[in-house]
Amino acid sequence: MVHPPDGKSAAWGLLCAALVLSWQALTVRYNYAGNWSGLYCTGANVRIPPALAGENIYRVGNPNGWDGQFYHLIAHDPLAAHGMSKYIDLPRLRYRRILIPGLAWLLALSDGEHIDTAYRAVVLLFFGLGAYWLSSLAALYGHSRAWSLAFVCTRAAIVSMDRMALDVGLAAFVMAFAVYSRNDEAGWKLFPVLALAALVRDTGLLLVAAYCLWLLVRKRVRRAVIFAAAALPTLAWYTYIALQTPPPAHGRRIAPPLSGVLDRLVHPMTYPFSPVANSVIQGFDYLAVAGILLALAIAFPVARKTGFSSRGWAMVLFVLLGVFVWQPGDWVEAYDYGRILSPLLILLALEPLDQFAWLPLAPLCLVLPRCVFQMAPQALAVLRGVAGLAKLH
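Remember, predicted model here, so these are calculated numbers, not experimental data.

Caption draft 1: A look at the overall build of the protein. Counting its secondary structure elements, the protein contains 17 helices and zero strands. For 393 residues, the compact-globule formula gives about 21 Å, and the C-alpha radius of gyration of the protein, at 21 Å, lands near that figure. Projected onto the principal axes, the alpha-carbon positions of the protein cover approximately 60 × 50 × 50 Å. Within the protein, buried positions represent 52% of all 393 residues. Contacts in the protein between residues at least 24 apart in sequence constitute 68% of all its contacts with a sequence separation of at least 6. Within the structure as shown, the protein displays about 17,500 Å² of accessible surface, and the carbon and sulfur contribution to it stands at 67%.

As structure tokens, this is what we get:
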């Protein structure tokens, strides 16, 4: 049985969104000179479309920037009808992930002057929703609703808070998936969750597949067909985008098992710092890799312990993704550690809500320090700025 929404969970969701907004306001002031576009992490060498020349987009020191810069452009041209795709590195792939940029465009009523504000508002909305669903889940298992604030500790939430990534949207829908499919008695609310999750990122389709697989195993074919239709909006959108964007230069292939994670173990990332500093950072990198390997190792036993519930099937599918699709070269930046497997880390971490155990929590705990360490310079700048402001008063 799925309980109706409650005001207490909504309040915790609002608090979570408010805390994220407060952090963003501080880091924008003390790290980006008050320019909110700094959150997109636009690279120094990235071309800016002439239509956005008046936005005074903040450039970061990294020449290539990060993904948020491209979804910013998509929000200004969600139908790929005005040439923004020419300024996007992988236009067909990125345009498939339309939900957050598209919602920003709708919220701004297609007014270019308000799209950036709307984009940030949509990201905050998903922080609120993720905390709301986590609060509901915690309460259903008899835990404090304050655990809802732990949503910001997921790797997907951190990168979205810091760089306007889309990951927070899928993370929020994973929380909803856990709520509405618990005990595998999903109500009508699960259908839109699945449909929208697939439009956030392509990996959201795995949630659709997981639920349908669970239904088919139980010979509930009619219901499986109904819920498989949740993928239709995404497939229709992919068809449209295929007509609007050029094909990728290199198609993605099935990789040798575990080649992506093992490549990072054999070829650790290097940093332009002192040997001691590099050793410390690489230590956190190895810790994150260990977390991913642990997640891949324990997911099947945890799924079996759930009786291969729909959540268990989702874990299995994300393991297959990590083993066979994650390729060497996919981890090129600190925030890439665990990114594609964020839903797996979340699903594992949610299992102890029912019957507490440390092991399913361990992968998330091992990946988290590297993400936090990445934000340390920003945090120090904020602390110095706030301390200086306090001295003035």
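Caption draft 2: Region of interest: the packing of aromatic side chains. All chains considered together, the criterion is met by 14 aromatic pairs. Arranged with centres 6.1 Å apart and planes meeting at 80 degrees, the rings of F127 and F151 form a pair that is edge-to-face. With a gap of 24 residues between them, F127 in helix 5 (residues 115-140) and F151 in the loop between helix 5 and helix 6 (155-163) connect regions that are remote in the sequence. Residue F127 is classed as buried on the basis of its relative accessible area, which comes to 0%. Ring-pair connections join several aromatic residues into one group, and the members of that group are F126, Y132, W133, F173 and Y180. Sitting above the plane of the Y238 ring, R96 keeps its charged end 4.7 Å from the centroid.

Caption draft 3: Seen up close, the packing of helix 4 (residues 99-107) against helix 5. Across the interface, helix 4 lies against helix 5 with an axial gap of 8 Å and an inter-helix angle of 125 degrees. When the axes of helix 4 and helix 5 are compared, the pair comes out oblique. Helix 5 is crossed by helix 4, and the crossing has right-handed handedness. Facing L99, I100, P101, L103, A104, W105 and L107 of helix 4, the residues of helix 5 in contact are I115, A118, Y119, A121, V122, V123 and F126.

Caption draft 4: Focus on the confidence of the model for the protein. Across the protein, pLDDT averages 91, with 95% of residues at or above 70. Of all the helices and strands in the protein, helix 12 (residues 259-266) carries the lowest mean pLDDT, 79, while helix 4 carries the highest, 98.

Caption draft 5: Local environment of the environment of R29. The residue R29 is located in helix 1 (residues 7-31) in this model. Along the sequence, R29 and A381 sit 352 residues apart, while their C-alpha atoms lie 9.8 Å from each other. With near-sequence residues (within four places) excluded, R29 lies in contact with G34 and L389.

Caption draft 6: Spotlight on a nonpolar patch on the surface. Together, L213, L216, V221 and V225 make up an exposed nonpolar region whose accessible area comes to about 330 Å². Elements supplying a minimum of two residues to the nonpolar patch: helix 9 (205-217) and helix 10 (221-228). Looking at the secondary structure, you find L213 in helix 9.

Caption draft 7: Broad picture of helix 1. In this model helix 1 runs 36 Å from its N-terminal to its C-terminal C-alpha over 25 residues, within 8% of the 36 Å that 1.5 Å per residue would give. Close packing links the buried residues of helix 1 with helix 5, helix 6 and helix 17 (376-392). Just downstream of helix 1 lies A33, where phi reads positive at about 55 degrees.

Caption draft 8: Region of interest: the environment of P247. Position of P247 among the secondary structure elements: in the loop between helix 11 (232-244) and helix 12. In sequence terms P247 and L90 are 157 residues apart; their C-alpha atoms lie 9.0 Å from each other.

Criteria and thresholds
Residues numbered from 1 in each chain as written. Predicted model: local features only at pLDDT ≥ 70, side-chain atom pairs only at ≥ 80, totals over all residues. Heavy atoms only, no water. Helix = DSSP H or I, 4+ residues; strand = E, 2+ residues; numbered from the N terminus. Rg over C-alpha atoms; globule rule 2.2 N^0.38 Å. Buried < 20%, exposed > 50% of the residue type's maximum accessible area, 1.4 Å probe, protein only. Contact = heavy atoms within 4.5 Å. Areas by Shrake-Rupley, 256 points an atom, 1.4 Å probe, with all protein chains shown as cover. Phe/Tyr/Trp six-rings, centres within 6.5 Å; stacked < 30°, edge-to-face > 60°. Lys NZ or Arg CZ within 6 Å of the ring centre and 35° of its normal. Axes fitted to C-alpha atoms, helices over the stretch in contact; angles between N-to-C directions. Parallel < 35°, antiparallel > 145°, perpendicular 65-115°, else oblique. Left-handed = near helix turned anticlockwise from the far one by under 90°. pLDDT = per-residue confidence, 0-100. Patch = residues over 30% accessible without salt bridge, like charges linked within 9 Å, V, L, I, M, F, W, Y side chains within 5 Å. Salt bridge = Lys/Arg side-chain N within 4 Å of Asp/Glu carboxyl O. Expected span 1.5 Å × (residues − 1).

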